[in-house]
Structures are given as C-alpha cells and as structure tokens.
Amino acid sequence: MGLIYDDPDLAALTLTRLAAEESEGPGALESRMRDYLGDLEQRNGTAYLELVAIALARVHFKSLDDLARATGADSTALLDAAEMDTLEAL
C-alpha cells in the first residue's frame, strides 16, 4: 500500500486522499482503503483505528465549520443537512 503513517491524523489524511481519488468514480479504491486500514490495524492494533476514526470525525467537522464561517451558515445546520442527505440515501 505504500507509506503507512503511525500518526492517526496523517493516516486519516491518507484515507481522505484515497476517498478523493474514489470520488472520480468508485471501483478498486474501496479495496485500497480496506487494505490500508487492515495494514494499520495489523501494525498498531484495533485501538489505533479508533484514533483514526476520531481524527476523521474532527477533520470532517472542521471542514463543515470552515464552510459555515465562509458562507455565513450555521455549522449545526450544515451537519444536520449532511445527516439528512445520508439518511435519505439509505
């Protein structure tokens, strides 16, 4: 898979890069993300994946908060809208 970061924040960024590549069209990249997570778990344990998930959630919220500040929107309203979009897609 290439470079495996031992820092959860950097590992979260690597997953985000893979997701960005996947946004161009789903395919084999999902398996790349699963392989990456599997490598991280093997190297660092399951508790490490919890830290990566926390880092991803923090980055996601920061992005929403930055968007809210830039647009004058409310970050809670943006989070609510994202949640509704996801629920409607189920």
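Look up: the structure comes first, before these words.
Okay, so let's go over this structure. (Residues numbered from 1 in each chain as written. Predicted model: local features only at pLDDT ≥ 70, side-chain atom pairs only at ≥ 80, totals over all residues. Heavy atoms only, no water.)

1. Description of the packing of helix 3 (residues 46–71) against helix 4 (residues 75–89)
Running from N to C, helix 3 and helix 4 point in directions that differ by 125°, and their axes come no closer than 8 Å. As summarised for this structure, helix 3 and helix 4 are arranged oblique, according to the angle between their axes. Between helix 3 and helix 4 lies a crossing whose hand is right-handed. When helix 3 is examined against helix 4, the residues F61, L64, D65, L67 and A68 are found in contact with a partner set consisting of S75, L78 and L79. (Axes fitted to C-alpha atoms, helices over the stretch in contact; angles between N-to-C directions. Helix = DSSP H or I, 4+ residues; strand = E, 2+ residues; numbered from the N terminus. Parallel < 35°, antiparallel > 145°, perpendicular 65-115°, else oblique. Left-handed = near helix turned anticlockwise from the far one by under 90°. Contact = heavy atoms within 4.5 Å.)

2. Thoughts on the environment of E30
Relative to the helices and strands, E30 resides in helix 2 (residues 29–44). Classification of E30 as partly exposed rests on a relative accessible area of 40%. Sequence-wise, E30 and L18 are 12 residues apart; in three dimensions their C-alpha atoms are separated by 8.2 Å. (Buried < 20%, exposed > 50% of the residue type's maximum accessible area, 1.4 Å probe, protein only.)

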